[in-house]
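# Tertiary structure, described
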Amino acid sequence: MTNKHNSHVTASIPPDGERHLPGVFSGTIELEHLHRYQLARSIAEGLDVLDIACGEGYGTDILATRAKSVIGVDINEIAVKHASLSYQNPRASFRQGSATNIPLPDASVDLVVSFETIEHLEDHDQMMSEIRRVLRPNGTLMISSPNKLEYTDKPKYNNPFHVRELYTDEFIELVGRNFSNHRHYGQRLSAASLIGNDQTSKFLIFSGNSECAGVPDARYDLIVASDGVLPSIPNSAFEIPGNPLEPYLAEVEIKKADSEIKKAEAEIKLAKAAIEEVKERSALIAAQKDQTIIQLIGHLLNTTKQANDLLQSKWWRRTGPFRHWSNILRMRRGRKKKRWPKSFEIPEFVKKIQSDNEQLNVLSSETRGAHAHFLPTNDYRHPDVIPPYGKYGFGIDMPVVKYSGIEEGFHDYVAHETLESVVRTIAFYLPQFHPFPENDEWWGKGFTEWTNVGKANPLFPGHHQPHCPIHLGYYDLRVPDVMEEQAKLAKNYGISGFAYYFYWFAGKRLMDGPLEAMRDNPNIDMPFCMIWANENWTRRWDGLDEEVLIAQDHSLDDSAAMLDYLKSFMEDPRYIKIDGKPLFIVYRAHLIPDFKKTVQMWREQAERMNLGGLYVVSAQISADLSPEELGLDALMEFPPHAIKASNVTKDVAGLNPDFKGGIFDYDALVANEVRKPPSETTVFRTSMLSWDNTARRGLKSSVFEDFSLTRYSQWLSSNMEAAAKDENRTDDERIVFVNAWNEWAEGAHLEPDQRYGYGYLEATRQVIAKYPASAKPFISPCVPEKTNRKYALVAHIHYAETWSDIQNCVEKFSEGTLDVYVTTTSEEVATVVKSSMPDAVVELVDNRGRDVRPFLMMMKRIAHLKYRAICKVHGKKSVYRADGDTLRINMLTALIDPDLTERFEQDAKLGILAAQDSIVDHNTANMFLNKSNVEYVSEKIGLHFEDDKFIAGTMFWVDPSAISPLLTLKDSVFDIERGLADGTVPHAIERIFINLVRRSGYKLGVV
C-alpha cells in the first residue's frame, strides 16, 4: 500500500464509525472492511474499477495493487482531499460525488465495488440505475450491506446514519431486478479454529454438532452480480497477525480487563456512596416530597368533589324513594336506619397542611408560597384522560386536567347534519375488497383483502389485532349498495372525498371493477380523485418474498394511455378539482423516467381533453423530495413514510419472542408531526390512524402502538389549522388527507370496528367541525394596517362563559382608546365575542400552547402597529385550582383598568405591569418541573436566564418591544396539549417574561 497519511486532513474526518480510518479503528470494523476489499482485489486483476463511497481511500489503494485503474468516489469533500494526499498509487484517483449521481461517463468501468453504502440512501433503485449506467457490458458489481435482521433487529440497535436497511431477501431481490446473474455471500466475525489444505476447495462451517456450507446468521450480505459470467470467488477467512481479537491474545487482555473492572467497581461503589450522601442533603428531595404531597391532596380533594357532585346529581335525587323504602324494610327487620351523607367535607389534616402555621404545615415555605391553593381536580387515571406521555414516553408524572372533547373507547353511530368545512378532508381508499382473477391465480381462489385481515394474531398483550369491521361487516365491493353506504357514512361524519388507489400496469388494470361501478353510479354521492399506485406488484405485499407478480413499464406512451383511460373519471362532476383542474396523485413519481417531461405531456393532454389542465401531486416518500424538480404542483405527506418515529420494540412487555419487525410509539409520532416546521412549498398534510400491518407481515410487521383517538384528533387538528391559515394557498388548495378510509390489513381505517366503533369517524368530525365554512371570517382575520390607538388588549378565550367578565372590564375604557384582539379554540366562542364586540379582531386557533402560543401568534401579526403597551389576559378556568374563578375575576378587574395606561405614559422604561399578588419569586418548588424548558426557551431567544420573579397566570400589561425576542420563537417549540398542570413550554415562558423585560432594559411595575 502507498498510505502516506496527512495528519491535518485525517483529523478533519469525524471518527463516527461510518468510515473506516486506518490507525483510528481496529478490531471488528477493521477485519470486516479489509476482508471485503481483499476479496474484491482478487477479481480486480487488469480491470478498470469504481470504488463508490470510498471513504478515507484505503480500499481504493488496496484494489489498485491489482487493478488496471481505480477511481474512488465519495460524497465527503474532506475524505476525498485526504485520500488524494494520502494514497499516491498512479493507478488510483479520487473524485467527489454521490452514489445516486456518479461522476463518470456511461460504460466506463469493468467492476463496481460498493461496501456499506446503500443503507445510507433512501432511493436504492436510483443507485442501482447509476451503477448499471457506468458498468460496461457484462461488467461485475460487488456490493455489501448489513443484514437488517442480524445487524439491527436482534441486537435492538439503531444506527443513526442508516436511512433504509434491507433484509437479506430484499437485498437479493433488489440486485436480482437489475442483473441477470447474482450470487449471495454471508459475512460475520467468529471466534473459530481454522483447519485447511491446498488440495480441496469445499469450505464447511461446523457450529456445535451441525455443519453448513454457508455462513449462518450472517451479519453482512455480500452479492456479486453481472449480466455475464460471474467471477469465481472462493470461500475465505481473513486475519490480521497480532490483532487483539486473536483468541489467544484476547484471553490475556480479558484477564487484565477483569482486574481493572474490579478496581473500577470498587471506586464506583465509593463514588455512589458519596453521591447518595449529597442527594440526602439536596433541596431537590424536599421539592419532590412537596410535589407528592400536593398530588395526594389534589387526588383527595378531587374524590371529595366527585362525591359531592354525585350527591347533587339527578340520579341521586331520583334514587331517593329507593333509599327511603330501604330504610322502612330495615326498621321492620329491627335494624337501624341507614343515614346517607348530605355532603363531604375536606379532611381537617388537609387544611392543616395548607395552613400558614409552619409547625403544622409539612410543606416547605417555598412550596407553600407557590402552591398554597394548588388543588388538582383530575388525574391521568381518569378514563377520559390518556396518560400524558403515553405508555412509552418520558415526562413529568403529575395530575392532568381533561383537555379534549374526544372520548376514548367505543362510540355508537350518531346521525349528523351535513358539514361543510373550509378545509377538505380526503381519505385514501383501497378498492381491494373483492375477488378478481389475478388474485385467484396468485393467492388462491376467493382471496381478498379480508383474507389477510381475518388471520392476524396479537403480538403482545393488549395488541389490537385482529381488526374486526362493523356497520358493513366483511363487505364485497361488487355489491353496489356497499359503496353507496360508504359514501353516506363518510359524509355523515364530514369526510369531503375519497382518493381511490388506481392500479395500471402498462395498460393492464387491476381492481378497476369497483372504480368503474362507482363512476357509473350517481347514487355514490362522494367527491373523489385518483392515486396511481405506480409500483410493481410483488409478493412482499403479503409479507412473503419480493417476487414480481406484475411489473410497471413506464414510458410516455403508457402514461398518455393511462390518462386517456382516466378521462371519463375526471369528467365526472364529482371529481375533485383544484382551481378548475382535476387532482391527480402519483404514489412514487421518482420511479417514472423523466417525470417532469411526463407531467408536462399530461398537462397538454388534459387541455386537449377540455379538462382545464391537471393538478399533479406526488406522495412525499422521502423528506428531500422537491416538487419543483419533478414539475409537480404539490407534494402530499404519506405517513408512515418520511416520518420521525421512536422504536419502542424493546420496551413492549410480553412481545412474541420470534418477532422480527418494529414497534413504534404513536404518541411520540403525533408530537413529532405536530411540531414539524412548515414546508416552504405546497405540501398537503396527512394524518394517520393506528398503522399496523400485522395482517400482512405477521412477525415481520411494523406496528404503531399506543394509538388513541385523542392523539389522532390532535394530529388532524394541527394539519387542519395549517391548511386553513396558509396564506400561500388558494381556497381549493385547503386540503388535508387521512390514511385511510379502509386499509384494514394495515390497521388504518376510518370505517368502524369492534374496538372503537364509530370513534375514528366521530373524532374526525369533531375536528372538522372546528373549521366549518361559517367560521371562515375567523380563520385568518384581517388586522388593521395602521391604528391611532396606543393600547390594545389580547385575550385568549377557551370557555365561552368567561368572555363576559373580560367584556365588562373592557367597557370601562373610553370609546376609541383600546384595540381588542381575541383568540379562541371554538367557533361558538368566536361568534359570541364578535356579536358582542363587532370591532374586535377574533381568530380561531388550535388548542395547543395554552394561552401563550395564541398570544405570540397574535403579537407577530400586530407587531407593525407599534403599540405602547398591550394588556394580555385569558379566560382560563384554572380547573386544577379550587379558587381559579375567583383569582381570574379579581385579576381581570385589577388589570383591565384605563388608569393603568397612565403608568406607561409617565414612565418610558416601564416594560411590564402586573398585579402584586401574581408576582412570585423563582424557587426550587416552582422551577423543579420547569428548569429544563426554561433553559431550552432561553437558549432559543438568546436570553441569559437568572432566577428572579415571574407572573403566575401570565396576565399583565407589557411593552411589545420589551419582549420582542419571544417573537422569534418558532411554532415548533410548542408540544401537543397533554393537560399537564405544570412543566410545559408555556409554563416555562411564563417564568421568563420578567427576566426578559429586565434584560431588555425595562422595568417591572406593580399594581
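Per an unreviewed UniProt entry, the protein chain goes by Lipopolysaccharide biosynthesis protein and derives from Alloyangia pacifica.

## A closer look at the side chain of Asn 147
By secondary structure assignment, the location of Asn 147 is in the loop between β5 (135–146) and α6 (148–153). Here the side chain of Asn 147 touches Thr 168 through a polar contact of 3.2 Å, side chain to side chain. Every residue in contact with Asn 147, bar those within four places of it in the chain, is listed here: Thr 152, Leu 166, Tyr 167, Thr 168, Ala 218, Arg 219, Tyr 220 and Asp 221.

## As for the pattern of salt bridges
A full pass over the atoms with the stated rule returns 53 salt bridges. In this structure, the salt-bridge partner of Asp 846 is Lys 770, at a minimum N-O distance of 3.7 Å. Within this pair, whereas Asp 846 is found in the loop between β27 (841–844) and α28 (852–862), its partner Lys 770 is found in the loop between α24 (759–768) and α25 (776–779), the two being separated by 76 residues in sequence. Judged by relative accessible area, which is 6%, Asp 846 ranks as buried. Overall, Lys 770 belongs to the partly exposed group, its relative accessible area being 24%. The partner of Glu 905 in a salt bridge is Lys 790, and the shortest N-O contact between them spans 2.7 Å. Taken together, the positions of Glu 905 in helix α30 (residues 901–906) and Lys 790 in the loop between α25 and β25 (791–797) put the pair 115 residues apart, joining distant regions of the chain. Among the residues examined, Lys 790 registers a relative accessible area of 41% and is labelled partly exposed.

## Some details on the sheet that holds strand β3 (residues 92–96)
Within the open sheet, the seven strands sit side by side as β3-β2-β1-β4-β5-β9-β6. Their pairing is mixed. Two strands close off the open sheet at either side, each with one partner strand: β3 and β6 (181–187). Across the sheet, the mean angle separating the axes of adjacent strands is 15° when strand polarity is ignored. Where strand β1 (residues 48–52) meets strand β4 (residues 109–115), four bridges bridge the pair, whose relative direction is parallel. From the neighbouring strand, Ile 52 faces β4, where its bridge partner is Ser 114. On top of the sheet, helix α2 (residues 28–41) reaches β1, β4, β5, β6 and β9 (220–226); it is set at about 165° to β4, its chief contact. Lying on the sheet, helix α7 (residues 168–178) is in contact with β5, β6 and β9; it crosses β9 at an angle near 15°.

## Points about the packing of helix α21 (residues 666–674) against helix α23 (residues 709–725)
With their axes 10 Å apart at the nearest point, α21 and α23 run at an angle of 15° to one another. The angle between the axes of α21 and α23 places the two elements in the roughly parallel class. Note that α21 runs across α23; the crossing there is left-handed. Residues Tyr 666, Asp 667, Leu 669, Val 670, Glu 673 and Val 674 of α21 pack against Arg 711, Tyr 712, Gln 714, Trp 715 and Ser 718 of α23. When grouped by side-chain class, the residues that make up the contact of α21 with α23 number six nonpolar, two polar and three charged.

## So, the packing of helix α17 (residues 512–519) against helix α18 (residues 556–570)
The relative placement of two packed helices is expressed as an angle between their axes plus a distance between the axes. As a packed pair, α17 and α18 sit with axes 10 Å apart at the nearest point and diverge in direction by 40°. Only Tyr 565, Ser 568 and Phe 569 of α18 make contact with α17, whose side of the interface consists of Asp 512, Leu 515, Glu 516, Met 518 and Arg 519. Looking at the contact of α17 with α18 residue by residue, the classes come out as four nonpolar, one polar and three charged.

How each quantity is defined
- Residues numbered from 1 in each chain as written.
- Predicted model: local features only at pLDDT ≥ 70, side-chain atom pairs only at ≥ 80, totals over all residues.
- Heavy atoms only, no water.
- Helix = DSSP H or I, 4+ residues; strand = E, 2+ residues; numbered from the N terminus.
- Polar contact = N/O pair within 3.5 Å; in protein donor to acceptor, adjacent residues only side chain to side chain.
- Contact = heavy atoms within 4.5 Å.
- Salt bridge = Lys/Arg side-chain N within 4 Å of Asp/Glu carboxyl O.
- Buried < 20%, exposed > 50% of the residue type's maximum accessible area, 1.4 Å probe, protein only.
- Pairing = 2+ DSSP bridges.
- Axes fitted to C-alpha atoms, helices over the stretch in contact; angles between N-to-C directions.
- Parallel < 35°, antiparallel > 145°, perpendicular 65-115°, else oblique.
- Left-handed = near helix turned anticlockwise from the far one by under 90°.
- Nonpolar A, V, L, I, M, F, W, Y, C, P; charged D, E, K, R; others polar.

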